[in-house]
Amino acid sequence: MHCPSCGNDDLKVLDSRPGSDGESIRRRRECPACSRRFTTIERIEKSRLFVIKRDGTRCDFNREKVFESMRLACGKRPVSIETLQATALRIEEHLQKKFDNEVPTKEIGRAVMRELSTIDTVAYVRFASVYQEFETVADFAEMVETVQREEALNPFRHLQKELIAIPTQDEKL
Ligand SMILES: [Zn+2]
């Protein structure tokens, strides 16, 4: 790194402190040659996540697409956009942790289904019926029954999730 004023590359660090997001470090630096002071921000480089499609080709992971697929599945359902945005972010973070840099399409579908199953049953079934490749109609009927059984055991779980899923200030940024 060079001094922005004189180009000298022998810089002194005066002070280091955590950034407001908790994921970066701000360093106050000084150029001994010209006394110019400036701040640098250091943060962890996030690895680029690729999606391996069914035909074997790769494309960039797109959180917006995940959000959009959930939004469609939640059409006319009482699920807020904020909940879906927070969920899409959580899915991205989960996939990034679990897969490092390449994730198969079906794993994204699974992650979305897992989240939707706790948010809204109807949306979950809609999404699953499109993204999960059902071998037979019986598989589909079985899944609907499972969902109904879980629903009967805890009819308030969607409400709980809705309340828990309100994004924190950090997630909105
Ligand atoms: Zn300088």
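Calculation rules
Residues numbered from 1 in each chain as written. Predicted model: local features only at pLDDT ≥ 70, side-chain atom pairs only at ≥ 80, totals over all residues. Helix = DSSP H or I, 4+ residues; strand = E, 2+ residues; numbered from the N terminus. Buried ≥ 20, exposed ≤ 12 C-beta atoms within 10 Å, placed from the backbone. Contact = placed C-beta atoms within 7 Å. Core = buried A, V, L, I, M, F, W, Y, C linked by C-beta atoms within 7 Å. Axes fitted to C-alpha atoms, helices over the stretch in contact; angles between N-to-C directions. Parallel < 35°, antiparallel > 145°, perpendicular 65-115°, else oblique. Left-handed = near helix turned anticlockwise from the far one by under 90°. Nonpolar A, V, L, I, M, F, W, Y, C, P; charged D, E, K, R; others polar. Pairing = 2+ DSSP bridges.

**A word on the overall build of the protein**
- Looking only at helices and strands, the protein features 7 helices and 6 strands.
- Its helices and strands taken in sequence order, the protein reads β-β-β-β-β-α-α-β-α-α-α-α-α from the N to the C terminus.
- Counting all 173 residues of the protein, 17% fall into the buried class.
- The long-range fraction of contacts in the protein, counting pairs at least 24 apart against all pairs at least 6 apart in sequence, stands at 48%.

**A few points about the nonpolar core**
- Among the nonpolar cores identified, the biggest contains 19 residues, and V66, M70, V112, L116, A123 and F127 are the most heavily contacted of them.
- Contributions of two or more residues to this core are made by α1 (63-73), α2 (81-99), α3 (105-119) and α4 (121-131).
- Not counting residues within four places of it along the chain, the set of residues in contact with V66 comprises A88, I91, I108 and V112.

**Focus: the packing of α1 against α2**
- At a minimum axis distance of 9 Å, the contact between α1 and α2 shows a crossing angle of 130°. Judged by the inter-axis angle, α1 sits oblique to α2. At the point where α1 passes α2, the crossing takes the right-handed sense. Where α1 abuts α2, its residues R63, V66, F67, M70 and R71 lie against L84, Q85, T87, A88, L89, I91 and E92.
- Of the residues contributing to the contact of α1 with α2, the split by class is 7 nonpolar, 2 polar and 3 charged.

**Things to note about the packing of α1 against α3**
- Orientation of α1 relative to α3, taken along the N-to-C sense of each, is 45°, at an axis distance of 11 Å. As the angle between them shows, α1 and α3 are arranged oblique. Considering the relative orientation of α1 and α3, their crossing is right-handed. The residues of α3 that touch α1, namely those facing V66, S69, M70 and A73, are I108, V112 and L116.
- For the contact of α1 with α3, a count of residues per class yields 6 nonpolar, 1 polar and no charged.

**Points about the sheet that holds strand β2 (residues 24-30)**
- With antiparallel pairing, the 3 strands of this open sheet are ordered in space as β1-β2-β3. Edge strands, defined here as strands with exactly one partner in the open sheet, are β1 (12-18) and β3 (37-43). Going across the sheet, the axis of each strand differs from the next one's by a mean of 25°, ignoring polarity.
- As paired strands, β1 and β2 are joined by 6 bridges and run antiparallel to one another. Paired with S16 across the bridge in β2 is R27.

**Remarks on the sheet that holds strand β6 (residues 102-104)**
- The strand order across the open sheet built from 3 strands is β5-β4-β6, with neighbouring strands paired in mixed fashion. Because the sheet does not close on itself, it has two edges, and the strands there are β5 (58-60) and β6. For this sheet the average axis-to-axis angle between neighbouring strands, irrespective of direction, equals 35°.
- Against the sheet, α3 engages β4 (50-52) and β6, with an angle of about 75° to β6.

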